[in-house]
Structure formats: structure tokens, C-alpha cells
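# A look at the structure
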Amino acid sequence: MAEQLMACPQFREIRETVEVSQATSCDEIGAFTGSAIDFCVKSIDALRSANPQALVVTNTGRTVSPCASNSGQRAQQDDRE
């Protein structure tokens, strides 16, 4: 069988930022099942769907390789200048 070479993908790390202000009643919070984090994630996901422009995406300058490096750990590289 012939030897095959596979390229290892490189992923760029990004940061997503969104500012949310939401009027919420005590009844709405009391009726919610889940944690406070679940409540916030649900609010952010709803905003993301309703207004994608509210989400600010910035490149961190770092890349991540899912392939194992010589040490057996994922390689992470900082490409910022």
C-alpha cells in the first residue's frame, strides 16, 4: 500500500463579544428551568438569531492545530506581531 500524507488543519482563534441588556421579570426568572448560565446563553442565542450584527467577532491572532506535536499535546501558536 502506498504511503499517504495528510495535511493537518490550522484553526484561527476568534473572540465573540456581544453586549446584552434585557428586561426580565422575577416571574420569568422563577419559571426558567436551568442555571443562570443557561439563562444567559439562551438570551445571547436569541439575540444572535434576531440581530447577527450585534455580535462583534475579532481575531485573537492565535492558531490551534488539533494534530499532536512531538510532545503529544495539541500545538498552539501565537501569530500576533
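So, a few notes on the structure that sits alongside this text. Since we're looking at a predicted model, the values are computed, not measured. (Residues numbered from 1 in each chain as written. Predicted model: local features only at pLDDT ≥ 70, side-chain atom pairs only at ≥ 80, totals over all residues. Heavy atoms only, no water.)

Here we come to the packing of aromatic side chains. Applying the stated criterion across every chain, the model contains 1 aromatic pair. Arranged with centres 5.2 Å apart and planes meeting at 90 degrees, the rings of phenylalanine 32 and phenylalanine 39 form a pair that is edge-to-face. (Phe/Tyr/Trp six-rings, centres within 6.5 Å; stacked < 30°, edge-to-face > 60°.)

Once that is clear, we can look at the state of the cysteines. Per the stated rule, a full pass over the model turns up 1 disulfide. Residue cysteine 8 pairs covalently with cysteine 67 via a disulfide, S to S 1.9 Å. On the sign convention where negative is left-handed, the bridge of cysteine 8 and cysteine 67, at about 120 degrees about the S-S bond, is right-handed. Taken together, the residues span a long stretch of sequence, with cysteine 8 in the segment before β1 (11–17) and cysteine 67 in strand β2 (residues 56–68) at a distance of 59 residues. Look at cysteine 67 and you get partly exposed, because its relative accessible area is 30%. (Disulfide = S-S within 2.5 Å. Helix = DSSP H or I, 4+ residues; strand = E, 2+ residues; numbered from the N terminus. Buried < 20%, exposed > 50% of the residue type's maximum accessible area, 1.4 Å probe, protein only.)

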